[in-house]
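A closer look at the structure
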Amino acid sequence: MDIRPNHTIYINNVNDKIKKDELKRSLYALFSQFGQVMDIVAMKTMKMRGQAFVVFKELASATNALRQLQGFPFYNKPMRIQYAKTDSEVISKIRGTFGDKDKKKDRKKKAQDQVANVAKKPALGSASTNNAPTTMQVPDNPPNYILFLNNLPEETNEMMLSMLFNQFPGFKEVRLVPGKHDISFVEFESEGQAGVAKDALQGFRITAQCAMKITYAKK
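In this report, the structure presented in the accompanying data block is examined. This one's a predicted model, so the numbers in the text were calculated from it and none came from an experiment.

The phi torsion at Y75 lies on the positive side, around 50 degrees, for a residue other than glycine. Positionally, Y75 belongs in the loop between β4 (73–74) and β5 (77–78). Look at Y75 and you get buried, because its relative accessible area is 7%. Notably, N151 is not glycine yet its phi reads approximately 65 degrees, a positive angle.

The full count for this structure, using the stated rule, is 6 aromatic pairs. Here the aromatic rings of F148 and F185 are separated by 5.3 Å at their centres, their planes lie at 50 degrees, and the arrangement is tilted. Here the residue F148 occupies a position in strand β7 (residues 146–150), and F185 occupies one in strand β9 (residues 180–188), the gap between them amounting to 37 residues. Here F148 falls in the partly exposed class, since its relative accessible area comes to 22%. For F185, a relative accessible area of 27% gives the class partly exposed. When the centroid spacing of 6.0 Å and the interplanar angle of 75 degrees are considered together, the rings of F171 and F188 count as edge-to-face. Residue F171 is found in strand β8 (residues 171–177), and its partner F188 is found in strand β9; the two are separated by 17 residues along the sequence. Each member of the pair, F171 together with F188, is buried. Among the aromatic residues, those joined into a cluster by ring pairs are F165, F171 and F188.

About the thresholds
Residues numbered from 1 in each chain as written. Predicted model: local features only at pLDDT ≥ 70, side-chain atom pairs only at ≥ 80, totals over all residues. Heavy atoms only, no water. Helix = DSSP H or I, 4+ residues; strand = E, 2+ residues; numbered from the N terminus. Buried < 20%, exposed > 50% of the residue type's maximum accessible area, 1.4 Å probe, protein only. Phe/Tyr/Trp six-rings, centres within 6.5 Å; stacked < 30°, edge-to-face > 60°.

Okay, here's the thing in structure tokens:
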């Protein structure tokens, strides 16, 4: 049975050995490339293990993410993605239809409360720029096929950066710097391919506090 397209996508076959906080950060890094992510729900209960929900502000973003990331090897397991059976509580509240849903079944109330609790927490990697300082112009080096990243948050790992950058053609590898969590190198096959990724992800926020700065690496 086909499920009606909506703002929330349901993901299963997720690697359940990943800690919940890291899982949510990685899902945000991966899915926020397709549009504004309103919420991510991932629980470690027996019933919800290996599953997650991602809520987009725009329906088109959800559709694009579903098509582009179907089967994506997320922590070495291919993701299975479909539209969720109902819109999330977040979207229902925006539309003003939340009250109608709430009356249907008391049994749903617990699940809705859990989603509400997650929604109250600051969004990971928030795209909001209301009180964010304007991105500084970073002095750059001559264009080449290796990018230098800095201002990365402490929790950044190789998998997270790989998922961000392997959306771009020509991606080869991420190289972390031992003992320095806030910098990394990303290699592409060509200078032009590196430039496309650099422009697209300049200022990307893996967390709300850290806007990633990207320059060409020194030769």
